[in-house]
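# Descriptive analysis of the structure
The chain contents come next:
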Amino acid sequence: MIDTSLRRKLSVTAAACLLLTPGCQGLEEESPPPAETIRLPLDSFSGVEVESATVGAGHSTVSYRYPSVSASHPLMLEIRTGMAERRTEFLEGLPDKGNPELQQDTSFLAVSPQVVGARVTSETSSGVQNDVESRTLWYDASSQEVLPWTSVFSDEAALEQAHLSVARVLQEEYDVPLQQLPGLLGEVASRADGSQATEEAAAEEENPSSGGNQEISSPEEESRDLSDPEQAAEVAEAWAGSPLEDLAFSAAGGMAVNMAPGEVPGVSGGEELVLPVDAESVEGFMSELGFAARDAALDNHSQDGTEFPLGGSFPEEGISMDCARLKCVALTFDDGPGEHTGRLLDDLAEYDARATFYVLGRLVDEFPEVLQRMDAEGHELGNHTWKHDDLAEMSAEQVREDITRTNEAVQEVTGSEPATIRPPYGSLNETVSGAVEQPLILWDVDTHDWQSRDSGKIAEHALSHSETGSVVLLHDIHEQSVEAVPEVLEGLHEQGYHFVTVTDLFGLEGMDSGEVLTDARMG
């Protein structure tokens, strides 16, 4: 294991260099070595499952790959939600021609019981050009907060100095003039250059014999505290587009800042350019979280196959993505399972879609393998009573007996009770809502599939009436309903919707026992 007291280790190394190596002038006078970036594949840690999917439609292809530790882990939730936001943005901006692709992937930057860093990349290809975007996220275990890239710096003044250090690497090691520094690097370097010139002129007026080389002053405005999640997010927004959004740690203990292909004209060309910021400079920039992240990255670099340290910190139950930020729709299927349900599951898998199946208890023993497949593929099972009786015509005791009998049948096959109840015919009253312990889920989009038995009409109704937060009612016992699903999936997918379970749609905090819910309109 690498010594986590890196500051002490660097001093010892420098001293050894001076004593043992002729001509050595210490680390601070060496040219920055090529940055060996520490990026860790998802399978570097046991206890981490790697989830991946590719959805190919006639208009585009999207693929994504992300880690799965527990459904409710804040970092995993943020990664999935961020990827979903990027996917919607991509699909909503599709060109009229071509078949563009979006590929999203994840790697770890540092993993320890204190901090986990992740890098999320998005690459779009249109056949003409490729564009790559990357962002880094940092999970602080002490606060259980997912923080932006700015949180590894101590304050905004340190962030300014970090940008200046990267600019100097380009200027000194790659001969990039000040005027050609890209984006924020150029702005920061120009501001610093002007500030230094002003200070030198003032010093010359006071003491004409004094030299320049004054230390660059920090920004005049009050520097925000980046250990505070809200302030860190504000600063990240203010510094959007910074190359430090895609930073990692190097094997030498410094920072490795990734510049996208072509971002530095005449230098990087068609390849990524990784700029090293030496370890001693980094000492003056980082927050406590940053130091913990660097120590973790160095430890990870020397190990492989260790247990992911935060896997048991959160329960397995949870939502797969934050639908408060997304275009989500819940497809629900009543009265099954039936002879067409297996084909329906195949169609859903083509779009990596999750659905909710409100099953009848009397059919559970007839189709146990189908229920097991639903559960294994991430779908949600709901309670649709034992044999479709009208709950509103029952006593409270009869309601409880019916719901309990169905709950137990599903649990025996899948290991879990249904999360919600769909009352047959949508029929309920105060007796029903007072007798049950699960939420009661109705719908806002009724395809009338049981009535029309026309797959074209079913699909058209679902596509024209679904909105963000909709709950769509279908029946998997009807062949025409199942035949309509591919068109519904393709149409809503092209509009940037995400197919989620009822629990994902409403959230664990948004459903109470006996509560009646129809849709989840977002603001």
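In case you missed it, the structure is sitting above this.
A few points on the structure. (Residues numbered from 1 in each chain as written. Predicted model: local features only at pLDDT ≥ 70, side-chain atom pairs only at ≥ 80, totals over all residues. Heavy atoms only, no water.)

### Brief notes about the state of the cysteines
In the structure shown here, the tally under the stated rule is one disulfide. Across the disulfide from cysteine 323 sits cysteine 328; the S-S distance is 2.2 Å. On the sign convention where negative means left-handed, the S-S torsion of about -85 degrees between cysteine 323 and cysteine 328 marks this disulfide as left-handed. For cysteine 328, a relative accessible area of 1% corresponds to the buried category. (Disulfide = S-S within 2.5 Å. Buried < 20%, exposed > 50% of the residue type's maximum accessible area, 1.4 Å probe, protein only.)

### Points about helix α10 (residues 396-414)
The terminal C-alpha atoms of α10 lie 27 Å apart, and with 19 residues this matches the ideal 27 Å at 1.5 Å per residue to within 8%. Three or more residues of α10 are buried, namely Val399, Asp402, Ile403, Thr406, Asn407, Ala409, Val410, Val413 and Thr414. End-on view of α10: buried residues confined to an arc of 160 degrees, all on one side of the axis. Residues of α10 that are buried sit in contact with β13 (356-359), α9 (368-376), β14 (380-383) and α11 (430-435). Just downstream of α10, glycine 415 is the residue with a positive phi angle, here 90 degrees. (Helix = DSSP H or I, 4+ residues; strand = E, 2+ residues; numbered from the N terminus. Expected span 1.5 Å × (residues − 1). Arc of directions from axis to C-beta. Contact = heavy atoms within 4.5 Å.)

### Regarding the pattern of salt bridges
Between side chains of opposite charge, a pair can form when the charged atoms approach closely. Counting across every chain of the model gives 18 salt bridges. Here glutamate 160 makes a salt bridge to arginine 191, at a shortest N to O gap of 2.7 Å. Here the residue glutamate 160 occupies a position in helix α3 (residues 156-173), and arginine 191 occupies one in helix α4 (residues 183-206), the gap between them amounting to 31 residues. When its relative accessible area of 42% is taken as the criterion, arginine 191 is described as partly exposed. Notably, a salt bridge pairs arginine 373 with aspartate 346, separated by 2.5 Å at the nearest N-O pair. (Salt bridge = Lys/Arg side-chain N within 4 Å of Asp/Glu carboxyl O.)

### Points about unusual backbone geometry
Residue proline 337 follows glycine 336 across a cis peptide bond; omega there is 5 degrees. Mapped onto the secondary structure, proline 337 falls in the loop between β12 (328-336) and α8 (341-350). Notably, glutamine 144 is not glycine yet its phi reads approximately 55 degrees, a positive angle. With respect to the secondary-structure elements, glutamine 144 resides in the loop between β6 (130-140) and β7 (145-147).

### A look at the layout of surface pockets
Within this model, the largest pocket holds a volume of roughly 1,500 Å³. Lining the largest pocket are 49 residues, with Ala71, Gly318, Ser320, Gly378 and Asp504 sitting closest to its centre. Elements supplying a minimum of two residues to the lining of the largest pocket: β2 (49-56), β3 (61-68), α2 (74-92), α9, β14, α10, β18 (498-499) and α15 (502-506). Tallying contributions element by element places α2 first for the lining of the largest pocket, with four residues. In terms of residue class, the lining of the largest pocket is made up of 20 nonpolar, 14 polar and 15 charged. (1 Å grid on protein atoms, 1.4 Å probe; cavity = no way out; pocket = protein on both sides within 12 Å on 5 of 7 lines; lining within 4 Å. Points joined across faces, edges and corners; volume = space filled by probe spheres on them. Nonpolar A, V, L, I, M, F, W, Y, C, P; charged D, E, K, R; others polar.)

### Focus on the sheet that holds β3
Taken in spatial order, the six strands make up an open sheet running β2-β3-β4-β5-β6-β7, and their pairing is mixed. Only two strands of the sheet have a single neighbouring strand rather than two, namely β2 and β7. Going from strand to strand, the sheet's axes swing by 20 degrees on average, the running direction of each strand aside. Pairing of β2 with β3 involves eight bridges; the strand directions are antiparallel. Paired with glycine 56 across the two strands is threonine 61, which belongs to β3. (Pairing = 2+ DSSP bridges. Axes fitted to C-alpha atoms, helices over the stretch in contact; angles between N-to-C directions.)

### Comments concerning the pairing of β14
Burial along β14 is two-sided: Glu380 and Gly382 facing one way and Leu381 and Asn383 facing the other are all buried. The pairing of β13 with β14 spans four bridges and is parallel. Paired with tyrosine 358 across the two strands is glycine 382, which belongs to β14.

### What about the sheet that holds strand β9 (residues 255-259)?
Strand order in this open sheet of three strands is β8-β9-β10, and the pairing throughout is antiparallel. Edge strands, defined here as strands with exactly one partner in the open sheet, are β8 (247-249) and β10 (273-277). If you compare each strand with its neighbour and ignore which way they point, the axes differ by 30 degrees on average. As judged from the five bridges shared by β9 and β10, these two strands associate in the antiparallel manner. Along β10, the bridge assignment pairs asparagine 258 with valine 274. Running at roughly 115 degrees to β10, α3 makes contact with β9 and β10 of the sheet.

### Topic: the packing of aromatic side chains
Taken as a whole and judged by the stated rule, the model has six aromatic pairs. For the ring pair phenylalanine 45 and phenylalanine 108, a centre distance of 5.7 Å and an interplane angle of 85 degrees mean the geometry is edge-to-face. Placement of phenylalanine 45 in strand β1 (residues 45-46) and of phenylalanine 108 in strand β4 (residues 101-111) is noted, with a sequence separation of 63 residues between them. With a centroid separation of 6.1 Å and an interplanar angle of 70 degrees, the aromatic rings of tryptophan 138 and phenylalanine 249 are classed as edge-to-face. (Phe/Tyr/Trp six-rings, centres within 6.5 Å; stacked < 30°, edge-to-face > 60°.)

### Structural notes on the nonpolar core
Judged by nonpolar contacts, the single largest core of 113 residues is most densely connected at Trp138, Phe153 and Phe308. A per-element tally of this core places α3 first, with seven residues. Grouped together as the second largest cluster of nonpolar side chains are 16 residues, Cys323, Leu326, Val471 and Val502 included. (Core = buried A, V, L, I, M, F, W, Y, C linked by side-chain atoms within 4.5 Å.)

### Remarks on the side chain of glutamine 438
Positionally, glutamine 438 belongs in the loop between α11 and β15 (440-441). A polar side-chain atom of glutamine 438 sits 3.1 Å from a polar atom in the side chain of asparagine 407. Residues contacting glutamine 438, with those up to four places away along its chain left out, are Ile403, Asn407, Pro418, Ala419, Thr420, Ile421, Asp512, Ser513 and Gly514. (Polar contact = N/O pair within 3.5 Å; in protein donor to acceptor, adjacent residues only side chain to side chain.)

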